[in-house]
Structure formats: structure tokens, C-alpha cells
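# Examination of the molecular architecture
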Amino acid sequence: MDGRNRAMMVVFLLCVLAEIPAKGHILDVCATCHADATCDDKPDGAGKVCNCKYGFVGNGRTYCQDKDECQIGASKICGQHATCHNTYGSYYCTCLAGFSSSNNMSVFIPNDGTHCQDDDECRVVGACGDGARCRNLEGSFDCSCQLGYQVHDGLEPFNPHSGNASCRVVDCGQVATVEDAVLLSLTGTTYSSVATFVCEEGFIWRSGDNSSVCGADGGWKGLNMVCEDDDECRVVGACGDGARCRNLEGSFDCSCQLGYQVHDGLEPFNPHSGNASCRVVDCGQVATVEDAVLLSLTGTTYSSVATFVCEEGFIWRSGDNSSVCGADGGWKGLNMVCEAKCGPVPFIAKSEVMWHNRSVVIHRCVGGYRSWRGSYISVCGSSGVWQRATLRCREIKPPVNHLFVLNEKCLRWRAEKYEEDKEVYQVTYEGSREYQRSFHDRGRQHLTSKADQLELCLNLLPVTNYSISITALSSRFTATISTNTSLTVPPAPVVYYREFENPVPTLRLRRSPDTLDPISLYQVFVLPVEGIVMFDCSSPASSEISSRRKSSTEYITAQIDLGHLGREMNFTVGDGRYYGGFFNAPLQKGRNYYIIVRAVSQWKSALKSACVLWAKVRGTSYVLRVSSLSAAASIGLVAMVILGGYCFTWFFKRT
């Protein structure tokens, strides 16, 4: 016996003992009923009894415990399609999904006959969405698409609550075409829409259906029309007068017959796609021939004939005298030659005939030549002989040619003249420099000469780019040439040569400003006098530190740019300052020196220089200097003694 059964037996014995009234007492049964029990009369009327309330089980006095009605099964107590929910002393039922209670309550107790019945979801309009059919199932429903709709994002049948499937209207998309046909009308692209076709221009509908219908499967159905080529050339005059018709697949074109020409277009043409047409060829005005006149004319259209005869005073020598209007609209065949009675026109070298009649010819020089003296008219004389023109034609050449620059200063050229007249030449020049942007050198000269070879020298400045023009004023012809002048030797300064015994001599020079100052400088050289002294003035000019000492004795003591220098300059040798990066070192005492100034001009790789001996500095010995100082000191001492005696005498006389 398990522990639960033993406990129940103990409770039962207690209840039995509790019902035995004590001896000498009257028992009140109702007072002993359990809280979840009611006191009822016994069926036999013998007294009261405690009964547990509905939903409870027990003896009614000592205990009443909750009865779990759901334990016997939901379908037995709540009915089909329901769920049982136990409560303290009772229970309630709810319907499963897809079902609802017959009393339309969310919870119920089936003691009044309430039960769960199927819920028809299809009674809700649009439960499946647009274009779908709803089918009710026991406890659920499903959907399928109506005709003209297709399922999207799923398969049929479907439930919209358990996926994304839905019905969408069938759309057949772009209309399928048929060969040689074009779309006439379209009601839409959805289910049952209709597309109607017609044959293209130049084709005829022979058989088949000309409409296509959008089907339930999303495809266009039914179009099977057959379009066949229409022979437009069977219609008389399809291309118009004077034209030939040629049938093409789906079209036709036209070309003109012989004697006709296309108008407002090109061949072949289609009269339906433009204004082109064929018109009869008309050659228009008859082409003439030199020295001939029209005798007769049958017309101006195709195959018409024009006949000519020579003018009076001329004879028909050769060729055909008739012209025929051709199919291309031009007159053909006329090539008759009429000659004057004096014979062919006289020939003048390098000339052509400008005008002539029966007896007079006017000549002129051909292109590239000009008339030079003589008559330009030939006349047919009464004797039948030409009096020839005396015209002479000379080749036209530029008035100024073979122009070149000689020795960077002079111009030389050849003059072309047709008469022995003087020619006036105007020469202008303009110069510029790369290293001096503000520099401009302009000039003009005039020259009058009869000569064929000319030469003119100009005052051109060095290291300058020049453009020179020569204009022959009578013919207004201009020739131009460019030249570059080279670097020249710079002008040497004017120095005042002196010899000094002072080791710090001050030297002076005078100069004239020059156009080459921007690329020129002065260098002051110190040359110790030791034996035979040699100095190379053309040695390279450099301001680099590594080249400042040209030898162990000779050196540059100063370098001065001429662009910052006036007309005169004073310079003290050995003042201990820097000039252009060079140290002007003091001269050594007791030594002799030559001072040389060098003018240097340099542009790119070209260098020119000029040198001048500026001064000579003589040094003095130490013994000589000491003797000189001693003598000066002695003389000074004697002078002071004499001055002191004089002052003492003067003072004594005053007192």
C-alpha cells in the first residue's frame, strides 16, 4: 500500500469518528459542513447531510476537493473541436482554430447544448484577395485563382495566412507580331485583351486570323494572318508619265524612261514617299559655237536638232554643224570650226585671246605673266593678212627676292623691275632680347635705286633677335627676314692709370653705358709683380667659389655688375669688403702689384672680354719705413722745442 492510500484511510477514520456524537450531546450536522459543501435534507427525511458542491468531491464535512472535469477528455466533456480548461470548482471550453461556439461566445460550458461548429472563413468578402476563389474546409479554408489570374509567390491551392501567395491578373506583355504586318489596335495586355493587325503598306491580307487574344496562361493566342506582296505595278500609271515601274517585296520603285529626267528627287524613287516624278528632258537654250550663228531649231526637248552656219567673214573649216538634245539634258555633237578669212588667230607667246570678232583680236598675258611693252591688238587687214600684236609677256617675279643678311649687319637682295625706273625701298627692323624683356630696338631707313643688286647696312645691336622687312613702295610688295646678332667685345672703360706706394690705393674709372650692361660685368684682378708677369684676358669669367683663385698669386678681388653702375666709379683696393662674392683682401706690405680691370660680356655659351691696366702699387721695405718714422719724429721734436721756447718768451714779456 503506497503512502497516498494510507493517508486517505487515516482521513476516512477521522471523519467516521467525527460523526459519532458524544454521549449526552445533540449533533448539529450543518455546522460541520465543509466550506465547499452544502447542507441538504436526507432523502428519507431522517436528518441533514453535507454534500460537496458541484465541481468538488469529498465527504462534505471534513474535505471537498476540486474535481478536474477535463481529465476524462476534452471531446467527452466539451464535444468535438474544443479544448477543455479546468478551473477551481468548475471548467470551461473553447473552440479550436477554424471553429466557433454555437452560442457565439468565446468560452462556454456545454450543459446547455453549446458545441463547436465549423467557422466558414469564405463568408468574409476578400478572404483570398482579388481574383481568387475561396473554398471552406473543416477548420480551415484554401484559395485558388479565378480565370484570368495567376498565382504569385506560391502554388495552388494556397492559404494567404500561411504564406505570401496571392492571385494577380494575367499580363501577356508585349504583343507578338507577324511578318509583314503592323499593329492596328490594342485593348490592353491583360487577360482577354485583343490586338488587331493589318498588313504593311505594299502587302495584302491573304488568309488567317488578324487578331491575337491574351490567354489565361499569359500568352497571346490566335494570330496567324498571312500577308503577301501587292504588285503595285499592275496599276497603270503607278509611277506617272514617262516612268518605268519595278515591283519590290512590299513596295515598288520608279525610274525614268529614255527622254525623261527625274524631278525633285533621285532615281530610283517612290512617288508615295516624296515629290519625285519624271519630266520630259528639256535641253533649254541651244549651246553656241564660236563665230557661228543658229540656222534652224526643231525644239528643245529630247532628240531635237539645232543647225548652225558660220558668221559672215568666216569659213566652215571642219566639224559637225548640228547639235542634238541628249537624254541627259545637254546639247551634243556640235564641234564645227569657223575660221576668219585671214586664217587662224595669231599666236602671241605666253598670251591668250581675251576677245575677238571677225577681224579684231584682243590678247592678254596668261596667269603668272604681265604685259611689258607692245600692242595687244591683232587686226585682220583688207589683204587677208593679220597685223599681229606686238605684246611681250614677262614672268611676274617678286620685286624683292634672294634676300639675305651679310655679316650680321647688311642686307643684300635682288630687285625685279619691268622698267628702268627708280624704286623706293622702305626698310624697317625691330629687335628684342630674351634676357631683357623691356628692350626694343626699332629703326627705319629709305633707299632709292635703279640697281638690280642692292645692299644696305644697318646699325644692329649685338645679342639681339631682329625681324627685318623690305617694302618696294611702287608695287607694295614686302619681304621679311629674321636674323640673330652675335655677342661682341664689350667696350673697355676709360681708366686713369696711376702708380701708388699706398697699400690701400683708391682708383677711378669712367665708362659709357652700353646696351649689353644687363649681361656684362667688371672684374678687378690683382697680379703680384714677380719676374715676368703674364695675364690672359680671354680666360673664362666665373663667380664660382672653386674658381675664384685662378693661381697661387693672381686672383679676382672684386666683381661688379654693370647694370647697377653709373658713369664713374671709385674703387679702393684692399678695403677688406666683399664685391660680388669676392673678398677684397688687403695687399701685402713690401710687394709690388698690378691692378687690371676686365670688362666681360657673356650670354649662354658665348663670352667676350676686354682688359685695361688700371694701376701699379709699389711696396716699401721695413728698414726704410723705420728710418722715415724716426726722421719724422726728430723733426717733430725740434718743432715742438722751438714752439715751446717761443711761447715761454711771449709769456715772460707779458708779465
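Numbering of residues starts from 1 in each chain and follows the order in which that chain's sequence is written. Predicted model: local features are reported for residues with pLDDT of at least 70 only, side-chain atom pairs are reported and counted for 80 or more only, and whole-chain, interface and lining totals are derived from all residues. In computing side-chain values, all of the structure's heavy atoms are included and hydrogens and water are not.

## Let's talk about the state of the cysteines
Any pair of cysteine sulfurs within 2.5 Å is marked as a disulfide. What the rule picks out here adds up to 19 disulfides. Through a disulfide, Cys78 is tied to Cys93; the S-S separation comes to 1.8 Å. Judged by the sign of its S-S torsion, about -75 degrees, the bond between Cys78 and Cys93 is left-handed. Of this pair, Cys78 sits in the loop between α2 (74-77) and β5 (82-87) while Cys93 sits in strand β6 (residues 90-95), placing them 15 residues apart in sequence. One exposure class covers both Cys78 and Cys93, and it is buried. Starting at the N terminus, helices and strands are each numbered in turn, a helix being any DSSP run of H or I of at least four residues and a strand any DSSP run of E of at least two. Each residue is assigned to one of three classes by its accessible area relative to the maximum for its type, calculated with a 1.4 Å probe on protein chains only: buried under 20%, partly exposed between the two thresholds, exposed over 50%.

## Quick word on the environment of Ser192
One can find Ser192 in the loop between β13 (181-186) and β14 (194-199). Sequence separation of Ser192 and Val213 is 21 residues, and the distance between their C-alpha atoms is 5.7 Å. With sequence-adjacent residues up to four places away left out, Ser192 is seen in contact with Val213 and Cys214. Pairs of residues are marked as contacts when any of their non-hydrogen atoms sit within 4.5 Å.

## A word on the side chain of Ser193
With respect to the element layout, Ser193 can be found in the loop between β13 and β14. Among residues more than four places away in sequence, those in contact with Ser193 are Thr187, Gly188, Ser212, Val213, Cys214 and Trp220.

## Some remarks on the sheet that holds strand β24 (residues 305-310)
Strand order in the open sheet formed by four strands is β23-β24-β26-β27, and the pairing between neighbours is antiparallel. The open sheet is flanked by β23 (292-297) and β27 (331-332), the only strands paired with a single partner. Relative to β24, β23 runs antiparallel, the two being bridged by five bridges. Pairing of Val293 across the sheet is with Val309, part of β24. Two strands pair under a simple rule: DSSP has to find at least two bridges between them.

## What about the confidence of the model for the protein chain?
Confidence of the predictor at the level of single residues is captured by pLDDT, which takes values from 0 to 100. Put simply, the protein chain has an average pLDDT of 82, and 89% of its residues get 70 or more. Considering each helix and strand of the protein chain separately, the mean pLDDT is smallest for helix α1 (residues 3-19), with a value of 50, and largest for strand β49 (residues 582-583), with 94. Contacts for the low-pLDDT stretch residues 542-552, under 50 throughout, to residues beyond four places or in other chains number 17 contacts.

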